[in-house]
Amino acid sequence: METITINFDGFSVKTRKGKTVLETALENGIYLPHLCFHPELKPFGGCRLCVVEINGRVTISCMTPAEEGMEIITESVVLTQIRKTATELMIINHHADCLSCPRDTKCELQKISHYLGIDEERINKLRKITRDLPLDDSNPFFIRDHNRCVLCGICIRTCEEIQGANAIDFTFRGFNTLVGTFADKPIAQSRCESCGECVVRCPVGALYSKNDKVFSREVKTVCPYCGVGCGIYLGVRGREVVSVRGDGENPSNKGRLCVKGRYGFEFINSPERIKKPLLRKGDTLEEATWDEALNYVARKLESYKSDEVAFFTSAKLTNEEAYLIQKFARGIIKTNHIDHCARLCHAPSVAGLATAFGSGAMTNTIDEIADAECIFVIGSNTTDAHPVIGSRVREAVRKGAKLIVADPLKIKLVENAHCWLNMKPGSDVALIMGMARVIVDEGLEDADFIRERTENFENFVKSLAYFDLDKVETLTGVSKEKIKEAARIYATNKPSTILYSMGITQHTHGTDNVLALANLVLLTGNIGKPSSGLNPLRGQNNVQGACDMGNLPNVYPGYQKVADPVIREKFSTAWGVELNETPGLTMTEVLEAISAGKIKALYLIGADPAVNVACSRVVHEALSRAELVIVQDIFFNESSKYAQVILPASSFAEKEGTFTNTERRVQRTRKAINHVGDSLSDSEIIIHLAKRMNASIFDYVNNEEIMKEISTLVPSYGGISYQRLEENGIQWPCPSPEHPGTPYLHKDKFLTPSGKARFTPLDYRPPAEEADSDFPFILTTKRSLYHYHAAMTRKVKGLNQLMKEELLEINPLDALRLEINDGDYVKIISRRGDIVVKVKVTGISPVGIVSMTFHFADTPTNMLTNLALDPVSKTPETKVTAVRIKKLKDGETLIGSVC
């Protein structure tokens, strides 16, 4: 970048060409008054306070590019008068109760007024018009006060440029101009996504948080919600977390946060936290000491054979905790029956990507998304499930990227899309292979890449014969022209990146869906370079890490196979124990084995299968038949009802460790407060339990020591240490202490035995269920922007206010035909059960398709869903369930039942 020299008041400074005069001044410590400028936003030039003189002309510095040799005057009689006049006009229309303003001492208008020496006597002589506009406190997290607004436009531009929601704009005209919503509705009734990005950028007191207290110290850590792994600072006061702010230096989020990440911390100090161990005595759970509870668990576990015990763990655990738990299961209990929630979401990604590329992880970084020329989002409601990534997608579109969205529902990103493929649920393979057929037929493939870096291309091309566009149109419901358009956009705009999530994986053909996407990537050569690749967006914050740490039944940490004798000997020697050579059962297989009486004890660590696994009736039956259910968690959950013992665990804010986010970035999480009540971290609980079972392999001083052991056994973590993670984490593979980490995978070769990626011929298989005369609707599940891990977000009052109950979203035409109105309650019935739910009539759902989330235990969506499994990954098909809908008559029960 070219460097230039300019002069401020005779003082020379250097800057990069392309910077504005104001940016140059501020980065060199030269203060120029300003209200409408923000370094993350485009210049606006609205406040007129940053004026300077250049060559005798008064110029707005935020709108003026710096040029070589510029002579700039920052202070003069003329400039002072302009600034004072503009500031005085703002002050006389601004509430002056500064001491009671939440922005007092942090207000930019205060700072400017003080800098300019505004004369209070002169202000009092000016004609004031007192504004007394009502506060908008409709949002549970922040307040809008028009009386303090200076019309700088920062909130409007933030909503457009940073978040991409476009919820607010200037309304009315002249003196009556306000920042408002469409039709001047309260903010809670608008398109606002409650991210708070406008609040943190507001320079005055026009936007402020309701509940934030001033913290006494801050702790740098990582958000506990989705897989984006946003860097945050927890504000702590005493023993309580009182605020959260985004870490602007973190490359995953660059300071951005969603509503959950910024405001969803209330659960940490919730009075509903489990604070003491509990033991079942008869029909009740009674408080016990840690000695009593751990001795009971140790004694009971020792009474079972190794193949009679299973573990379900959580993607909320740190890497160190996940590693210890699988080591406990394998080294002490001698079982490989260990699984976690990836079985319900991205197990097909692990299987499919490993087959095609040799590695089952996101290939590229989050930061690269904004520089892609084409983004193909399929099976991912990104703005709701991964909001910060959703904002990066919107950013890329604003910069000129082409966006293809494939989803049965009209998700928010459809508004930004150049092409929407609204296919039938479960028709993904046909759609993707149809696109591949177009690319091959029209000669749009990357022949050089295919020849040099792939294998099995000829067999793949032969399989495309089945997917002629007439057949694909029939199978998917998407017109041939739309399929051609999408294929051409993806193949001709490079680099192209694909983002997907559970809309791809939660099918009986989920692994085939992933393989089909891999074929598309290989066909166009969109891999092994920045802003390209195939990128599964992980659900919870440490799903990637839990997989990396071997919380799967067939692999040790680092995806090293249990059945491989060389690998088994490696871990056996390192741990000093004999290990079981038989791969364990998956989560769904464990539940079957419990019902069959083969597995008798189930240890649940942060897991709630009673809510999260498809066909909940089967899960409840299995849990009721288990002889021993141990629940280790921070809150009571639905599975707790079956527990003989409950162990109180600690939240992310109470422990040290690491998380690995969706882009393979290993990051430090740090302890901000002491344990709540008598709770302990999951690693402390496991270590105490292991010692009671006379295990000598759990003698750890701290979590850093555990990471050192991980780095010796997991090749991709070989160069990772707490010292190296101190700043912003490292992306694996990082095989040695000198290695910088790997932003994108497969640059030179793939991790397959041949070093080449593999095309996979595919057939089309329909979903396990389809709509028919008895069950004429298809139910598909999704996530909500306002809830994620329900045990956490349901403890946050504001999030419950934004979404307080489950809703069945149905198309207006279907609602009209069934004589159902918005807000009615209906009974929705599948072949497995029925529940009662409130209706939301919306065009988001197409005719014949209804949708629900799965966040509300009192409306258990998974009572309806299908336990039919993907044959490779054993993941249930929760995205396609045939249902019928019954309107409730007056006085009819609102309680669902099990069929």
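Right above here is the structure, for reference.
Residues numbered from 1 in each chain as written. Predicted model: local features only at pLDDT ≥ 70, side-chain atom pairs only at ≥ 80, totals over all residues. Heavy atoms only, no water.

Engineer: Looking at this structure, I do not really get the layout of surface pockets. What am I missing?
Structural biologist: Volume-wise, the largest pocket comes out at about 1,200 Å³. What lines the largest pocket is a set of 41 residues, among which Lys412, Tyr786, Glu809, Lys840 and Ile844 lie closest to the centre. Elements supplying a minimum of two residues to the lining of the largest pocket: α28 (797-802), β33 (807-810), β35 (834-841) and β36 (849-852). The biggest single contributor to the lining of the largest pocket is β35, with three residues. Considered class by class, the residues forming the lining of the largest pocket number 14 nonpolar, 11 polar and 16 charged. Taken as a whole, the second largest pocket holds about 910 Å³ of empty space. Forming the boundary of the second largest pocket are 27 residues, of which Arg103, Lys106, Val200, Asp212 and Arg245 lie nearest the centre. Contributions of two or more residues to the lining of the second largest pocket are made by α6 (197-201), β9 (207-209), β12 (240-246) and α7 (259-263). (1 Å grid on protein atoms, 1.4 Å probe; cavity = no way out; pocket = protein on both sides within 12 Å on 5 of 7 lines; lining within 4 Å. Points joined across faces, edges and corners; volume = space filled by probe spheres on them. Helix = DSSP H or I, 4+ residues; strand = E, 2+ residues; numbered from the N terminus. Nonpolar A, V, L, I, M, F, W, Y, C, P; charged D, E, K, R; others polar.)

Engineer: I would appreciate a short explanation of the side chain of Thr586 in the present structure.
Structural biologist: Within the secondary structure, Thr586 is located in the loop between α21 (565-575) and α22 (587-595). Here Thr586 is in contact with Asp339, Arg343, Pro553 and Lys874, once residues within four sequence places are set aside. (Contact = heavy atoms within 4.5 Å.)

Engineer: Would you mind showing me how to read the sheet that holds strand β1 (residues 3-8) here?
Structural biologist: Each strand in a sheet pairs with another by means of backbone hydrogen bonds, the pair being arranged parallel or else antiparallel. One open sheet accounts for five strands, arranged β2-β1-β5-β3-β4; its pairing is mixed. Among the strands making up the open sheet, the edge pair consists of β2 (11-16) and β4 (57-60). Neighbour to neighbour, the strand axes of the sheet diverge by 40 degrees on average, direction disregarded. The strands touched by helix α2 (residues 77-92) are β3 (51-54), β4 and β5 (71-73); relative to β3, the strand with the most contacts, the crossing angle is about 155 degrees. (Pairing = 2+ DSSP bridges. Axes fitted to C-alpha atoms, helices over the stretch in contact; angles between N-to-C directions.)

Engineer: How should I be thinking about helix α19 (residues 510-524) in this particular structure?
Structural biologist: Since the α-helix advances by 3.6 residues per turn, residues separated by three or four positions end up pointing in the same direction. When the terminal C-alpha atoms of α19 are compared, their 22 Å separation across 15 residues agrees well with the 21 Å that a helix rising 1.5 Å per residue should span. With 15 of 15 residues buried, α19 lies mostly within the body of the structure. (Expected span 1.5 Å × (residues − 1). Buried < 20%, exposed > 50% of the residue type's maximum accessible area, 1.4 Å probe, protein only.)

Engineer: What is the right way to read the nonpolar core from this model?
Structural biologist: Across soluble globular proteins, you tend to see nonpolar side chains buried next to one another. Among the nonpolar cores identified, the biggest contains 62 residues, and Leu301, Phe328, Tyr603 and Phe698 are the most heavily contacted of them. With eight residues, helix α9 (residues 319-333) is the largest single contributor of residues to this core. Setting aside residues no more than four positions away along its own chain, Tyr603 makes contact with Leu301, Ala310, Phe311, Phe312, Ile630, Gln632, Leu647, Ile685, Ile686 and Leu689. The next biggest cluster of nonpolar side chains, apart from the first, holds 55 residues, and it includes Met433, Phe457, Val478 and Ile483. (Core = buried A, V, L, I, M, F, W, Y, C linked by side-chain atoms within 4.5 Å.)

Engineer: How should I be thinking about the environment of Val414 in this particular structure?
Structural biologist: The topology assignment puts Val414 in the loop between β18 (402-406) and β19 (419-421). Sequence-wise, Val414 and Ile404 are 10 residues apart; in three dimensions their C-alpha atoms are separated by 8.4 Å. Apart from the residues within four sequence positions on either side, Val414 is in contact with Val405, Leu409 and Trp420.

Engineer: Whenever I open this one, the pattern of salt bridges confuses me. Can you help?
Structural biologist: Any two side chains of opposite charge can pair, on the condition that their charged atoms come close. One pass over the full model with this rule turns up 50 salt bridges. Measuring nitrogen to oxygen at the nearest pair gives 3.4 Å for the salt bridge that ties Asp384 to Lys412. Taken together, the residues Asp384 in helix α11 (residues 382-385) and Lys412 in the loop between β18 and β19 connect sequence positions 28 residues apart. By relative accessible area, Asp384 is classed as buried at 12%. (Salt bridge = Lys/Arg side-chain N within 4 Å of Asp/Glu carboxyl O.)

Engineer: Hey, could you run me through the packing of aromatic side chains in this one?
Structural biologist: For any two aromatic rings, the description comes down to two numbers: the centre-to-centre distance and the angle of the planes. Following the criterion strictly, the structure yields 19 aromatic pairs and no others. Here the aromatic rings of Tyr556 and Trp575 are separated by 6.3 Å at their centres, their planes lie at 85 degrees, and the arrangement is edge-to-face. Linking Tyr556 in strand β23 (residues 555-556) with Trp575 in helix α21, this pair joins segments that are 19 residues apart in sequence. Classification of Trp575 by relative accessible area gives buried; the value is 3%. Seen from their ring centres, Phe698 and Tyr700 are 6.3 Å apart, and the 90 degrees between their planes marks the pair as edge-to-face. Cation over ring: Arg664 sits above Trp732, and NZ or CZ is 5.9 Å from the ring centre. (Phe/Tyr/Trp six-rings, centres within 6.5 Å; stacked < 30°, edge-to-face > 60°. Lys NZ or Arg CZ within 6 Å of the ring centre and 35° of its normal.)

Engineer: Sorry, what's going on with the packing of helix α13 (residues 428-441) against helix α17 (residues 480-492) here?
Structural biologist: Each pair of packed helices can be described by the angle between their axes along with the distance between the axes. At their nearest, the axes of α13 and α17 sit 9 Å apart, and the two run at 70 degrees to each other. It follows that α13 is roughly perpendicular to α17 by the angle criterion. Note on packing geometry: the crossing formed by α13 with α17 is right-handed. Residues Leu431, Gly434, Met435, Val438 and Ile439 of α13 lie in contact with α17, whose contacting residues are Ile483, Lys484, Ala486, Ala487, Tyr490 and Ala491. (Parallel < 35°, antiparallel > 145°, perpendicular 65-115°, else oblique. Left-handed = near helix turned anticlockwise from the far one by under 90°.)

Engineer: I would appreciate a short explanation of the state of the cysteines in the present structure.
Structural biologist: Here, disulfide denotes a covalent bond that connects the sulfur atoms of two cysteines. All told, the structure shown has zero disulfides when counted by the stated rule. Of all cysteine sulfurs, the one in Cys195 lies closest to Cys198, which takes part in no disulfide; the gap is 6.2 Å. Summary of cysteine pairing: Cys341 is not part of a disulfide, and the nearest cysteine sulfur, belonging to Cys345, is at 5.3 Å. On the accessibility criterion, Cys341 (16% relative accessible area) is buried. (Disulfide = S-S within 2.5 Å.)

Engineer: Whenever I open this one, the sheet that holds strand β16 (residues 338-339) confuses me. Can you help?
Structural biologist: One open sheet accounts for seven strands, arranged β14-β13-β27-β26-β25-β15-β16; its pairing is mixed. Each edge of the open sheet is held by one strand with a lone partner, namely β14 (284-287) and β16. With two bridges joining them, strand β13 (residues 278-281) and strand β27 (residues 645-648) adopt antiparallel strand pairing. In the strand pairing of β27, Leu279 is matched with Val645.

Distances and angles like these do not, on their own, reveal function.
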